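# Reading the structure
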Amino acid sequence: MKIAIPRYQQIAADVATKIAQGYYLEGEKFYVRSSLASQYGVSSETARRAICILSDMKIVESTKGSGVLIKSKEKAVEFIHRFNNINQMSDLKEEILSNLEQQIEHSSQLKILVSEFMYKTERFQAVHPFTPFEIEVTDKAKHIGESISDLRFWHNTTATIIAIRRGEQIIISPGPYAIITLGDIIYYVGDENCHERVNNFLYSIE
């Protein structure tokens, strides 16, 4: 299953594309926050978060009551390049899972895919909107000793585990039979609310 890109990130990428293509010019100021919500059929909060991403990336400068100032076409181009690479990572992950389901974990093709996925994950882990979440399995966690498949991890959290760090070992794209053990650091991706769901799933008191 592909990583679902949140709507506000898609909108940010679309606006950045328009800046990169010259539809909006550097130095131009426009009142876009309210119009974004109408244009894309989303809430004002979603539109605000899209603008926040562009502001964090130094593509625009947003001042309350003063509109949005276009700051850098170059950074807009850079952002689009990174965004497209994230989508490529999603495609890679989907192909890896498909191979795992076919029980060819040790095939040469899977090794190539895993290597490429590791490279792209390390390359883009510092990009704010796409940094994977992580959580440590302490002695207070539930489900220690259970497999990812038995936990129905994705069904319960809508998050997908992409790696497990166990001591000095890093297990990339662990299969459904990987066991959650004490001290594990679990890395996972999902929507902006998945970290809370994962934390509740592992640590909530029934």
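All of the points below concern the structure found in this document. From a predicted model like this one, the values you see are computed outputs, not experimental measurements.

## Here we look at unusual backbone geometry
Residue Lys58 is not a glycine yet carries a positive backbone phi of 65 degrees. Exposure remark for Lys58: the relative accessible area of 54% places this residue in the exposed category. At Arg152, a position not held by glycine, the phi torsion is positive, near 50 degrees. Relative to the helices and strands, Arg152 is located in the loop between α6 (148-151) and α7 (153-157).

## Description of the packing of aromatic side chains
Applying the stated rule across the entire model yields 3 aromatic pairs. The interplanar angle of 75 degrees and the centroid separation of 4.9 Å between the aromatic rings of Tyr23 and Tyr24 together place this pair among those described as edge-to-face. Centre to centre, the rings of Phe133 and Tyr188 are 5.7 Å apart; their planes meet at 20 degrees, and the pair counts as stacked. Note that Phe133 is positioned in strand β4 (residues 133-136) and Tyr188 in strand β7 (residues 185-189), a separation of 55 residues in sequence. The ring of Tyr23 carries Lys18 above its face, with NZ or CZ at 5.6 Å from the centroid.

## Quick look at helix α1 (residues 7-20)
End to end, α1 covers 20 Å across 14 residues, agreeing with the expected 20 Å (1.5 Å per residue, within 8%). For α1, the tally of buried residues reaches 10 of 14 residues, placing the bulk of the element in the interior. For α1, the set of buried residues is Tyr8, Gln9, Ile11, Ala12, Ala13, Val15, Ala16, Lys18, Ile19 and Ala20. Taken from the residues just after α1, Gly22 is the one with a positive phi, measuring 90 degrees.

## Thoughts on the packing of α1 against helix α3 (residues 44-56)
Look at α1 against α3: their axes get within 8 Å of each other, and the N-to-C directions meet at 55 degrees. By the criterion of interaxial angle, the relationship of α1 to α3 is oblique. When you trace α1 past α3, the crossing you get is right-handed. The residues of α3 that touch α1, namely those facing Arg7, Tyr8, Gln9, Ile11, Ala12, Val15 and Ala16, are Thr46, Arg49, Ala50, Ile53 and Leu54. Counted by class, the contact of α1 with α3 contains 8 nonpolar, 2 polar and 2 charged residues.

## Quick look at the pattern of salt bridges
Applying the stated criterion across every chain yields a total of 4 salt bridges. Across the salt bridge formed by Glu45 and Arg48, the nearest N and O atoms sit 2.7 Å from each other. Of the two residues, Glu45 and Arg48 both sit in helix α3, 3 residues apart, roughly one turn of that helix. With a relative accessible area of 32%, Arg48 lands in the partly exposed category. The salt bridge partner of Glu61 is Lys71, with a shortest N-O separation of 3.8 Å. You can see Glu61 sitting in strand β2 (residues 60-63) and its partner Lys71 sitting in the loop between β3 (67-70) and α4 (73-101), a full 10 residues away along the chain. Given a relative accessible area of 39%, Glu61 falls into the partly exposed group.

## Things to note about the environment of Asp191
Counting through the fold element by element, Asp191 comes out in the loop between β7 and α8 (194-203). Accessibility expressed as a relative area gives 28% for Asp191, which makes it partly exposed. Along the chain, Asp191 and Thr158 lie 33 residues apart, while their C-alpha atoms are 8.0 Å from each other. For Asp191, the residues in contact, after removing those within four places along its chain, are Phe133, Thr158 and Arg197.

Reading guide: rules and limits
- Residues numbered from 1 in each chain as written.
- Predicted model: local features only at pLDDT ≥ 70, side-chain atom pairs only at ≥ 80, totals over all residues.
- Heavy atoms only, no water.
- Buried < 20%, exposed > 50% of the residue type's maximum accessible area, 1.4 Å probe, protein only.
- Helix = DSSP H or I, 4+ residues; strand = E, 2+ residues; numbered from the N terminus.
- Phe/Tyr/Trp six-rings, centres within 6.5 Å; stacked < 30°, edge-to-face > 60°.
- Lys NZ or Arg CZ within 6 Å of the ring centre and 35° of its normal.
- Expected span 1.5 Å × (residues − 1).
- Axes fitted to C-alpha atoms, helices over the stretch in contact; angles between N-to-C directions.
- Parallel < 35°, antiparallel > 145°, perpendicular 65-115°, else oblique.
- Left-handed = near helix turned anticlockwise from the far one by under 90°.
- Contact = heavy atoms within 4.5 Å.
- Nonpolar A, V, L, I, M, F, W, Y, C, P; charged D, E, K, R; others polar.
- Salt bridge = Lys/Arg side-chain N within 4 Å of Asp/Glu carboxyl O.

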